[in-house]
Amino acid sequence: MEKKRIYLSSPTMHGEEQEFVQEAFDTNWVAPLGPNVNEFEKELAKYVGIPHAAALSAGTAAIHLALKLAGVEEGDVVFVPSLTFSATCNPIAYEKATPVFIDSERDTWNMASEALEKAYEKYPNPKAVIVVHLYGTPARMDEIMDICKAHGTVLIEDAAESLGSTYKGKHTGTFGRLGIYSFNGNKIITTSGGGMLVSEEEELIKKARFLSTQARDPARHYQHSQIGYNYRMSNITAGIGRGQLLFMEEHKAKKKEIYRKYKEAFSDIPEIAMNPLNPDGDANCWLSCMTIAPGCKVTPDMVLDTLEGENIESRPIWKPMHLQPVFEKYDFFTLCENGESVAEDIFNRGLCLPSDIKNTDEDMARIIGLVKNLFLS
Ligand SMILES: *Cc1c(COP(=O)(O)O)cnc(C)c1O
């Protein structure tokens, strides 16, 4: 008999989601607008502590609109971490702007401020900086905001993976001029697919809603003075989001417990280190990751293969963007000499462990046993 499948991070539904969706059906609000969309925006904004939010079809759409609102145009430079998912930087390419990749720091795996400073020496006038809170660990926002402020650069926060994470008590996604969240199927809460753009500035969010609904001018006839997008979230999707948001803190507590269990279980294997958590923050622990010490006989591929052989899903670390065929022609700034980088080192030695909040104690024991065995045998 095939062993029970254990997932990396799959949707966890509770029933309340369906009630909001049913309400949408009952009132025939089956459209890319409606009460669930308005309420989901308000509820999400309240949860993270920011006044304005626009619900969109994807996190990627939110990043795209954030860049447009920041005034990014063809040829403009945008600084972005190399160690991230491609969705962070694809929208830069949509606008024919130029991504410039920044290395990570060891302590948080996020954008290294020293490497960012170095990038400014060559490119003094970037149009925007995108910071990412990778796997839910908050970046060092004090340093990054100081640098952006000193140079007068718009800061955009890609908090797709870090909804619920805080830095010095403030939610990630609320530090930048614009912040984005994702509700993709594997994120900490999901709407099957969707995103949110947030800001302190009402004007920016109003503009985002305008651009996301085909940029229709306020005239009775269909008139357009700008290119628009079909990026609005549907009222059905938003219903799922409202139901999920009720369980956000529960999901976060469970993700943190998974991280804690791995950390404790691997504490007697000196070759294993868990992904770092920022001591100035409270991470949502979206994915628990591990790295293997250099020179160890066990490789990340061996761990991935062993788990897959037992029907357990795990994943490599995001492959750095400066190593991607589609982005390799762009500049990359690292503090490492001899052509190496922290991002590549984490990629080479790391992997994402199953972090599904439906995993039982038994599931966790199975995963941990399999991993430990590789190191002890
Ligand atoms: C998931 C993710 C996105 C994209 O969000 P979608 O909702 O899937 O479009 C962007 N950035 C990062 C870092 C992500 O992990």
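Above: the structure in question.
In this report, the structure presented in the accompanying data block is examined. (Residues numbered from 1 in each chain as written. Predicted model: local features only at pLDDT ≥ 70, side-chain atom pairs only at ≥ 80, totals over all residues. Heavy atoms only, no water.)

1. What to know about the overall build of the protein
This is how it is decided: Helix and strand assignments follow DSSP, with helices taken as H or I runs no shorter than four residues and strands as E runs no shorter than two, numbered in order from the N terminus. Only the C-alpha atoms count toward the radius of gyration. The rule for a globule is 2.2 Å times the residue count to the power 0.38. Only protein chains enter the accessibility calculation, which uses a 1.4 Å probe; a residue whose area is less than 20% of its type maximum is buried, one above 50% is exposed, and one in between is partly exposed.
On a plain count of helices and strands, the protein comes out with 12 helices and 15 strands. Compactness check: the protein gives a C-alpha radius of gyration of 21 Å against a globular reference of 21 Å for 377 residues, within 12% of the reference. Reported as C-alpha extents along the three principal axes, the dimensions of the protein are approximately 75 × 55 × 35 Å. When the 377 residues of the protein are sorted by exposure, 57% land in the buried category.

2. Examining the packing of aromatic side chains
Put simply, the rule is: Two rings from Phe, Tyr or Trp (for Trp, the six-membered ring) form a pair when their centres are within 6.5 Å of each other. A pair whose planes differ by under 30 degrees is stacked, one over 60 is edge-to-face, and the rest are tilted. As a reminder, the over-ring test applies to NZ of lysine and CZ of arginine, requiring each to be within 6 Å of the ring centre and within 35 degrees of the ring normal.
Under the definition given, this model contains 12 aromatic pairs. Look at Tyr167 and Phe175: their rings are 5.7 Å apart centre to centre, the planes differ by 70°, and that puts the pair in the edge-to-face class. Through successive ring pairs, a cluster of aromatic residues spans Phe85, Trp109, Tyr135, Trp286 and Trp318. Over the ring of Phe175 we find Lys170, and its NZ or CZ is 5.3 Å from the ring centre. Here Arg216 stacks its cationic end above the ring of Tyr222, 3.9 Å away from the centre of that ring.

3. Notes on the packing of helix H9 (residues 248-265) against helix H12 (residues 361-376)
Our working definition: Under this scheme, a helix contributes an axis fitted over its contacting stretch, all axes are lines through C-alpha atoms, and angles between N-to-C directions fall in the 0 to 180 degree range. Each crossing is labelled by how the near helix is turned from the far one, with a counterclockwise turn of less than a right angle marking it left-handed and a clockwise turn marking it right-handed. We call two residues in contact whenever any of their non-hydrogen atoms come within 4.5 Å of each other. All residues other than Ala, Val, Leu, Ile, Met, Phe, Trp, Tyr, Cys, Pro, Asp, Glu, Lys and Arg, Gly among them, are scored as polar; the first ten of these are nonpolar and the last four charged.
One can describe the packing of H9 onto H12 by two numbers: an axis separation of 11 Å at closest approach and a directional angle of 35°. Seen along the crossing, H9 lies across H12 with a hand that is right-handed. Residues Ile258, Lys261, Tyr262 and Ala265 of H9 touch H12, and the partners they reach there are Asp361, Met364, Ile367, Ile368 and Lys372. The residue inventory of the contact of H9 with H12, partitioned by class, reads 6 nonpolar, no polar and 3 charged.

4. Let's talk about the site of the ligand
The condition is simple: One heavy atom suffices: a residue is near a molecule or strand as soon as one of its heavy atoms comes within 4 Å of it. In protein, a polar contact requires one atom able to donate a hydrogen and another able to accept it; more generally it is a pair of N or O atoms within 3.5 Å, and residues adjacent in sequence count only if both atoms are side-chain atoms. All accessibility values rest on the Shrake-Rupley procedure with a 1.4 Å probe; residue burial counts only the protein chains present in the view.
Taken together, 16 residues sit near the ligand, with Thr60, Asp158, Glu161, Ser182 and Lys187 positioned nearest. Between the ligand and Ser182, the relevant distance is 2.7 Å, taken from an oxygen atom to a side-chain nitrogen or oxygen of the residue. Starting from 380 Å² of accessible surface for the ligand in isolation, the protein chains cover 94%. Counting residues per element, the shell around the ligand draws most heavily on helix H3 (residues 59-69), at 3 residues. Considered class by class, the residues forming the shell around the ligand number 6 nonpolar, 7 polar and 3 charged.

5. A few points about the pairing of strand S8 (residues 178-182)
For clarity, the cut-off: Here a strand pair is declared whenever DSSP counts at least two bridges between the two strands.
In terms of residue burial, S8 counts as a mostly covered element, since 5 of its 5 residues are buried. The two faces of S8 match: Leu178, Ile180 and Ser182 on one face and Gly179 and Tyr181 on the other face are all buried. Note that strand S5 (residues 154-158) and S8 share 3 bridges and pair parallel. In the sheet register, Ile156 faces S8, and the bridge partner there is Leu178. Across 4 bridges, S8 lies against strand S9 (residues 195-199) in antiparallel orientation. When the bridges of S9 are listed, Ser182 appears paired with Gly195.

6. Details of the sheet that holds strand S2 (residues 77-81)
Strands in a sheet are paired, the pairing made by backbone hydrogen bonds, and the direction either parallel or antiparallel. On the basis of which strands lie adjacent, the open sheet formed by 8 strands has the order S1-S9-S8-S5-S4-S2-S3-S14 and mixed pairing. Unpaired on one side and paired on the other, strand S1 (52-56) and strand S14 (332-333) mark the two borders of the sheet. The sheet contacts of helix H2 (residues 35-48) involve S1, S8 and S9, and relative to S1 the element is tilted by about 130°. This element, H3, spans S1, S2, strand S4 (128-132), S5, S8 and S9 of the sheet and lies at about 170° to S8.

7. Things to note about unusual backbone geometry
Positive phi, normally seen in glycine, also occurs at Lys168, with a value near 50°. Along the chain, the position of Lys168 falls in the loop between strand S6 (166-167) and strand S7 (170-171).

8. With respect to the pattern of salt bridges
Using the following cut-off: We define a salt bridge as a side-chain nitrogen of Lys or Arg found within 4 Å of a carboxyl oxygen belonging to Asp or Glu.
Applying the stated criterion across every chain, the model contains 26 salt bridges. Between Arg140 and Glu105 there is a salt bridge, and its shortest N-O distance comes to 3.1 Å. Highlighted residues: Arg140 in the loop between S4 and helix H6 (141-151) and Glu105 in the loop between strand S3 (98-102) and helix H5 (113-122), separated in sequence by 35 residues. Of the two residues, Arg140 and Glu105, both sit in the buried class. When the shortest N-O distance is used, the salt bridge between Arg315 and Glu313 registers 3.0 Å. Several salt bridges converge on common partners, so that one network encompasses Glu105, Asp107, Arg140 and Glu143.

9. Remarks on the environment of Gly281
Within the element layout of this structure, Gly281 appears in strand S11 (residues 281-282). Among the residues examined, Gly281 registers a relative accessible area of 27% and is labelled partly exposed. Spatially, the C-alpha atoms of Gly281 and Met141 are 10.0 Å apart, while their sequence positions differ by 140 residues. What Gly281 contacts, discounting residues up to four positions off in sequence, is Pro138, Thr166, Tyr167 and Lys168.

10. Looking at H12
Here is the rule: In this scheme, a helix's expected span is set at 1.5 Å multiplied by one less than its residue total.
Compared with the 22 Å implied by 1.5 Å per residue over 16 residues, the 22 Å span of H12 between its first and last C-alpha is a close match. Among all positions in H12, only Asp363, Met364, Ile367, Ile368, Leu370, Val371, Lys372, Leu374 and Phe375 are buried. Where H12 is buried, its residues contact H9, strand S10 (272-274), strand S12 (289-292) and helix H10 (300-309).

11. Digging into the sheet that holds strand S13 (residues 315-316)
In spatial order, the strands read S10-S12-S15-S13; together these 4 strands make up an open sheet with antiparallel pairing. At either end of the open sheet lies a strand with only one pairing partner, and these are S10 and S13. In terms of strand pairing, S13 meets strand S15 (residues 350-352) through 2 bridges, oriented antiparallel. What sits directly across from Pro316, in S15, is Leu351. This element, helix H11 (residues 342-349), spans S12 and S15 of the sheet and lies at about 65° to S15.

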